[in-house]
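# Structural features, examined
Each chain is listed here by its residues.
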Amino acid sequence: MNEKKKKITFIVNPISGTSKKDSVPDLVKEMLDAEIFEQPEILFTEYAGHAAVIARQCVDSHVDVCVAVGGDGTVNEVARSLVHTHTALGIIPCGSGNGLARHLCLPIDPKRAISIINKCQIEDFDYGLINNLPFFCTCGMGFDAFISLKFAEAGKRGPITYVENVLKAGLKYKPETYVIDDENGSQKYKAFLVACANAAQYGNNAYIAPGASMKDGMMDVIIMEPFDALEAPTIAYDLFSKTLTQNSKIKMFRAKKIHIHRNASGAIHYDGDPIITGTDIDIEMQPLGLRVVVNPDAIEDQTPPNAMLNAFSDLFNNINNVREDIVRSGRRIHILNKLMLRRLSRL
């Protein structure tokens, strides 16, 4: 007896990420395996939060696979409606970062992403909650969340816009004091940022927690201690070369649940979406609560993104060459920004 065909819905965010998604509806109709799936439903979001509403309707209609077509925000919206349900998340990544897709070694190319969906191999993964808001890759506070706010306000997306925001604000940002409680006790940190990672990266192959697993029931907690202008390019290089946890400014531990107290209200982010909240923040993991269509032939790309990594490598070398001049100068931030933006303009 033939196995019953699966119900599948594609949720397309028409304004997120890149133009690659414009061809997705036609590709789905052309490439989706009719032996496995029923006629697909393709729906477009019309407002912020609409993807979550549609995904919840998919659950109620017993859809087997709900595919997010868009960026990390769209993936988060769809996924948070699917947790602890039978409906599995599929991803056709069309965003500027694609953090979850990259962690799961899903293809960025839409044709290849649809071919993975056709294989329909499904596994269970952890997700996290920050003040009861679901996240699937990372959440954080401090500079992490501050830049998420700036990035959300930017008129254009992509890694260069992100780095430009970092350069304009990062070296002037004032660290905060955080008291972090976990199952082993309480510790106070003065930190530039605190990030909690379920997946290894923010997106764009920027690895905040290179060793993170989405199946261990634990989050990687990363504390970035204050650093000066001359140390910034090294930290940026380490972020893109998967060596951040080897940096002396980074403290990392794993936990199932933490409570964070800070001195003032401010921004937090969940998968890059910022929100203003109070002084007390609770973060906890939810083991194996999300079903996801995975790549059965996944091989992690061990090669960092050459353009970004080379930009930081060149900057690092340039700064070493002019280190004495920068040290003597009262315009450290100005010099660093000028060097980096000049290099980025060539990408």
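Note: the structure precedes this text.
Residues numbered from 1 in each chain as written. Predicted model: local features only at pLDDT ≥ 70, side-chain atom pairs only at ≥ 80, totals over all residues. Heavy atoms only, no water.

## What about the overall build of the protein?
On a plain count of helices and strands, the protein comes out with 11 helices and 16 strands. Within the protein, the proportion of its 347 residues that are buried is 52%. A separation of at least 24 residues holds for 73% of the contacts in the protein among residues at least 6 apart in sequence. When the accessible surface of the protein is summed, it comes to about 15,800 Å², and 49% of that surface belongs to carbon and sulfur atoms. (Helix = DSSP H or I, 4+ residues; strand = E, 2+ residues; numbered from the N terminus. Buried < 20%, exposed > 50% of the residue type's maximum accessible area, 1.4 Å probe, protein only. Contact = heavy atoms within 4.5 Å. Areas by Shrake-Rupley, 256 points an atom, 1.4 Å probe, with all protein chains shown as cover.)

## Here's the deal with the side chain of Thr9
Turning to its location among the elements, Thr9 is positioned in strand β1 (residues 8–12). With sequence-adjacent residues up to four places away left out, Thr9 is seen in contact with Glu41, Leu43, Cys58, Val63, Val65, Cys66 and Val67.

## As for the packing of aromatic side chains
What describes a pair of aromatic rings is the distance from one ring centre to the other and the angle between the planes of the rings. Per the counting criterion, the structure on display carries three aromatic pairs. Each member of the aromatic cluster is reached from another via a ring pair, and the members are Phe143, Phe192 and Phe227. The ring of Phe125 is capped by Lys215, whose NZ or CZ atom sits 4.9 Å from the centre of that ring. Taking NZ or CZ as reference, Lys242 lies 4.7 Å from the ring centre of Tyr207, over its face. (Phe/Tyr/Trp six-rings, centres within 6.5 Å; stacked < 30°, edge-to-face > 60°. Lys NZ or Arg CZ within 6 Å of the ring centre and 35° of its normal.)

## Re the nonpolar core
Counting residues in hydrophobic clusters, the biggest one holds 31 residues, and the most contacted among them are Val78, Leu82, Leu89, Leu100 and Leu290. Looking at this core, the elements that each hand over two or more residues are α2 (50–60), β3 (65–70), α3 (72–82), β4 (88–93), α4 (99–103), β5 (121–130) and β16 (280–294). Here this core takes five residues from α2, the largest share from any one element. Counting residues in hydrophobic clusters, the runner-up holds 22 residues, among them Ile180, Ala255, Ile258 and Met285. (Core = buried A, V, L, I, M, F, W, Y, C linked by side-chain atoms within 4.5 Å.)

## Section: helix α5 (residues 110–119)
Turning to α5, its buried residues are Pro110, Ala113, Ile114, Ile116, Ile117 and Asn118. Lining the buried residues of α5 we find β1, α1 (24–31), β3, β4 and β16. Sitting at the amino-terminal end of α5 is Asp109, which places a side-chain oxygen 3.3 Å from the backbone nitrogen of Lys111. With its phi angle positive at about 50 degrees, Cys120 sits one or two positions after the end of α5. (Polar contact = N/O pair within 3.5 Å; in protein donor to acceptor, adjacent residues only side chain to side chain.)

## Focus on α3
Across the 11 residues that make up α3, a large majority, eight, are buried. Regarding α3, the residues found buried are Thr74, Val75, Asn76, Glu77, Val78, Ala79, Ser81 and Leu82. Positive phi appears at His84, one or two residues downstream of α3, with a value of about 60 degrees.

## Thoughts on the environment of Thr277
Within the secondary structure, Thr277 is located in strand β15 (residues 273–277). Among all residues touching Thr277, those that are not within four sequence positions of it are Asn131, Arg262, Ser265, Gly266 and Ile268. Within the structure, the side chain of Thr277 is placed 3.4 Å from the side chain of Asn131, a separation counted as a polar contact.

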